[in-house]
Amino acid sequence: MEPPENDAVGFDSAEKIILRWDSTVSEEAREKMIFNGDRHEIDRYLQAVDEIQRSMESTTLSDDQDKANSAIQIAMARLEDEFRNILIAHTSAIEAESLTDPSPSSVNSGEFNLPEEDYHDTPTSTDDDSFTKELDHQESSTSSYRSTNSIPEVDLMPSEAIYDLRRIAERMISAGYLRECIQLSIGDIQRLDWETLETKIRRWIRAAKVCVRILFASEKKLCEQIFDGLGTATDDACFMETIKGPAIQLLNFAEAISISRRSPEKLFKILDLHDALSDLLPDIEIVFESKSSESIRVQAVEILSRLGEAARGILSEFENAVLREPSKVPVTGGTIHPLTRYVMNYISLISDYKQTMGELIVSQPSTGSRYSSDPNTPDMDFGDLEGQTPLALHLIWIIVILQFNLEGKAKHYRDNSLAHLFMMNNVHYIVQKIKGSPELGEMIADNYVRKLTGKFRIAATSYQRATWVRVLHCLRDEGLHVSGSFSSGVSKSALRERFKSFNALFEEVHRTQSTWLIPDTQLREELRISISEKLIPAYRSFLGRFRSHIECGRHPENYIKYTVEDLENAVLDFFEGYAVSQHLRRRSQ
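All figures in this text were calculated on a predicted structure; none of them were measured in a lab.

Student: Can you help me understand the overall build of the protein in this one?
Tutor: Counting its secondary structure elements, the protein contains 21 helices and zero strands. The buried share of the protein, taken over its 589 residues, is 48%. Accessible surface, the protein: about 28,600 Å² in total, of which carbon and sulfur atoms supply 49%.

Structure follows, in structure tokens:
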């Protein structure tokens, strides 16, 4: 307690000053605050409090003791009001803009990395009010708080207000009114919009970083500035009394997420929470370093563990969901199934979290095996995937069960050719998603990608065999030649039937497969070229050998309906996803 600034006052004078500011009996005392007025009046009141306290220590007569006790109670009630008023007068909600320092020279190297709101096909928008820079670390010459570079405290109050609060705290603690002092709250943290935090995890992450690294740290600094040296652990008691509720409320939100019902769409927000809390944990250890705040540190560590367990559980449940996805209605045109898009986009996003997920996933999938006794579960030989990380094995396992599911869906197509086209489209999409993601491509070894590439090429070959063997069979020579002295060596009736069969088959293939779809432009062109390389030379040769036998007869146009150019153009209609018959309509009518 500092010495009186002016001459000491006697007990009677001190009592009069205390009673004059008794707000329970004086209208003037209710309307005015001492610390809002003249500094001389402030000093006189604090000297009066000091005199009453000295009198209590030296007074032995019961009457004098009662008077001193009464006066000190009035004084403490008054000082409590003054303490609260100073806090309120210098306290306001801290806005995001005020926590962003525009000066390049005063910005720390760290940044707040905000998660995306959604995760569907592509990441979505970010918030305009996102925090992109942290504040400079501001050291207090009076603070014993050991801050890391990631904790930029701010001065919550001007130095004059802190000086007044400290003078009040000295008197209240000296008089045994510690509880009345530390139960007061600045209210900064309570002013935050907690309802918004409960509905927006993205905002919770921003708020958590601000609370731990700036507000909580600054509260600790303020408590040290006011209470340091005034009693055993007084500053720590004040700090915990002030922020314990908000800190628990902040952590309870993350805890509620960690124990909520698991579903695939929650994974990435849970990982965002895990990353944010993991990043904050060293700061939490420092800000809440005292014995009295151990429960906060323990709760944060436990929540981090539960978030990790939730992420592992969601991945496992996602694997089962992909395997059991029940849809049986074939997608039109054999195009890419929505499940394929969803799963591969999901896997791609997991790869964006490969560091976090890699730390959480430390064992290979428990369901995959070389030979599965369950016909509803695919086989997978992990021996072929040596050197892959546990997370990569899980992602490959998801791809394996996705293919297994797709093979089941392919069986619902009545046209075998379309079933092969469907598998070609979907496996090709899987390969392209892996190659198109640097993170995913890095995780999944090239030998497995080559294996997948071989699968969609096999599906393409199987499609061609199922479709074009019958068509090309019409262009064979077998069965057309006859023997006899008056014969040209070719059966015209058999030749006419052969042309008619070819025309009918090709028209049917063209009619149906123009409505089939290969979404990938390059793959579509490659398959068309492959078809043309087999079909066009065979038709040109057949036409060259037997055209004259038809044209010398009646109505040759009924049999030779298409030129080579007609077929070349007609192949361009294939796999566009809608009925296209312009190239054949003129000839077929």
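Student: Would you mind going over the confidence of the model for the protein with me for this structure?
Tutor: Atom-level detail of predicted coordinates should not be read off regions where pLDDT is low. Here the protein averages 77 in pLDDT, while 74% of its residues score no lower than 70. In the model of the protein, helix 7 (residues 194-199) stands out as the element of lowest mean pLDDT, 38, in contrast to helix 15 (residues 416-436), which has the highest, 96. Contacts for the low-pLDDT stretch residues 1-7, under 50 throughout, to residues beyond four places or in other chains number 17 contacts. Across residues 96-149 the pLDDT falls below 50, and counting only partners more than four positions away or on other chains, this stretch makes 105 contacts in the model.

Student: How should I be thinking about the environment of Ala504 in this particular structure?
Tutor: Mapping Ala504 onto the fold places it in helix 18 (residues 492-513). For the pair formed by Ala504 and Val471, sequence separation is 33 residues and the distance between their alpha carbons is 9.3 Å.

Student: Help me out: how do you make sense of the pattern of salt bridges in this one?
Tutor: When their charged atoms lie close together, side chains carrying opposite charge are able to pair. Here the structure, examined in full by the defined rule, presents 20 salt bridges. Close ionic contact of Arg20 with Glu41 constitutes a salt bridge, the shortest N to O distance being 2.6 Å. Separated by 21 residues along the polypeptide, Arg20 in helix 1 (residues 11-20) and Glu41 in helix 3 (residues 39-58) bring together distant segments of the chain. Where Arg306 meets Glu255, a salt bridge forms, and the shortest distance between an N and an O atom there is 2.9 Å. On the criterion of sequence distance, the pair formed by Arg306 in helix 11 (residues 294-324) and Glu255 in helix 9 (residues 234-258) is long-range, its members being 51 residues apart. On the basis of relative accessibility, which here comes to 22%, the residue Glu255 falls in the partly exposed class. Among the charged side chains, a network of salt bridges with common partners joins Arg524, Glu525, Arg528 and Glu576.

Student: I'm lost on the environment of Asp379 in this one. Help?
Tutor: Structurally, the position occupied by Asp379 is in the loop between helix 13 (354-360) and helix 14 (390-410). Between the alpha carbons of Asp379 and Trp397 there is a distance of 9.7 Å; along the sequence they are 18 residues apart.

Student: It is not clear to me how the packing of helix 15 against helix 17 (residues 446-473) should be interpreted in this structure. Could you clarify?
Tutor: The packing of two helices is summarised by the inter-axis angle and the distance between the axes. Two numbers describe how helix 15 lies on helix 17: the axes approach to 8 Å, and their chain directions differ by 160°. With respect to helix 17, the axis of helix 15 lies roughly antiparallel. You can see that helix 15 and helix 17 cross each other, and the crossing is left-handed. Residues Asn416, Ser417, His420, Leu421, Met423, Met424, Val427, His428, Ile430, Val431, Ile434 and Lys435 of helix 15 pack against Val449, Leu452, Thr453, Lys455, Phe456, Ala459, Ala460, Ser462, Tyr463, Ala466 and Thr467 of helix 17. Residue composition of the contact of helix 15 with helix 17, by class: 14 nonpolar, seven polar and two charged.

Student: Explain the side chain of Thr335 to me, please; I cannot follow it from the model alone.
Tutor: Its location among the elements puts Thr335 in the loop between helix 11 and helix 12 (338-352). Owing to a relative accessible area of 14%, Thr335 belongs among the buried residues under this scheme. In contact with Thr335, not counting residues within four places along its chain, are Phe422, Asn425, Asn426, Leu517 and Pro519.

Student: So what exactly am I meant to see when it comes to the packing of helix 18 against helix 19 (residues 521-551) here?
Tutor: Contact geometry for helix 18 and helix 19: axes closest at 11 Å, N-to-C directions at 145°. The hand of the helix 18/helix 19 crossing is left-handed. Within the contact between the two elements, helix 18 uses Lys492, Leu495, Arg496, Arg498, Phe499, Phe502 and Phe506 and helix 19 uses Leu535, Tyr539, Phe542, Leu543, Phe546, His549 and Ile550. Among the residues making up the contact of helix 18 with helix 19, the classes are represented as 10 nonpolar, one polar and three charged.

Student: Please explain the packing of aromatic side chains as it appears in this structure.
Tutor: The description of an aromatic ring pair rests on the distance of the ring centres and on the angle between the ring planes. Enumeration over the complete set of coordinates arrives at 15 aromatic pairs. Note on Phe268 and Tyr346: the rings are 4.9 Å apart at their centroids and 65° apart in plane angle, and the pair reads as edge-to-face. Highlighted residues: Phe268 in helix 10 (residues 267-287) and Tyr346 in helix 12, separated in sequence by 78 residues. Judged on exposure class, the residue Phe268 and its partner Tyr346 are both buried. A connected cluster of aromatic rings, assembled from ring pairs, spans Tyr463, Trp468, Phe502, Phe506, Tyr539, Phe574 and Phe575. Cation over ring: Arg496 sits above Tyr559, and NZ or CZ is 5.9 Å from the ring centre.

Student: I would appreciate a short explanation of helix 18 in the present structure.
Tutor: The periodicity of an α-helix, 3.6 residues per turn, causes residues three or four positions apart to be oriented the same way. For helix 18, built from 22 residues, the straight-helix expectation of 32 Å at 1.5 Å per residue is met to within 8% by its first-to-last C-alpha distance of 31 Å. When helix 18 is considered as a whole, its buried residues turn out to be Leu495, Arg498, Phe499, Phe502, Asn503, Phe506, Val509, His510, Thr512 and Gln513.

Student: Just checking my understanding: could you explain unusual backbone geometry for this structure?
Tutor: Working note: non-glycine residues mostly have negative phi, and peptide bonds are mostly trans. One non-glycine residue, Phe575, lies in the positive phi region at around 65°. Tracing the backbone shows Phe575 in the loop between helix 20 (564-571) and helix 21 (582-588). A relative accessible area of 0% means that Phe575 is categorised as buried.

Scoring rules and cut-offs
Residues numbered from 1 in each chain as written. Predicted model: local features only at pLDDT ≥ 70, side-chain atom pairs only at ≥ 80, totals over all residues. Heavy atoms only, no water. Helix = DSSP H or I, 4+ residues; strand = E, 2+ residues; numbered from the N terminus. Buried < 20%, exposed > 50% of the residue type's maximum accessible area, 1.4 Å probe, protein only. Areas by Shrake-Rupley, 256 points an atom, 1.4 Å probe, with all protein chains shown as cover. pLDDT = per-residue confidence, 0-100. Contact = heavy atoms within 4.5 Å. Salt bridge = Lys/Arg side-chain N within 4 Å of Asp/Glu carboxyl O. Axes fitted to C-alpha atoms, helices over the stretch in contact; angles between N-to-C directions. Parallel < 35°, antiparallel > 145°, perpendicular 65-115°, else oblique. Left-handed = near helix turned anticlockwise from the far one by under 90°. Nonpolar A, V, L, I, M, F, W, Y, C, P; charged D, E, K, R; others polar. Phe/Tyr/Trp six-rings, centres within 6.5 Å; stacked < 30°, edge-to-face > 60°. Lys NZ or Arg CZ within 6 Å of the ring centre and 35° of its normal. Expected span 1.5 Å × (residues − 1).

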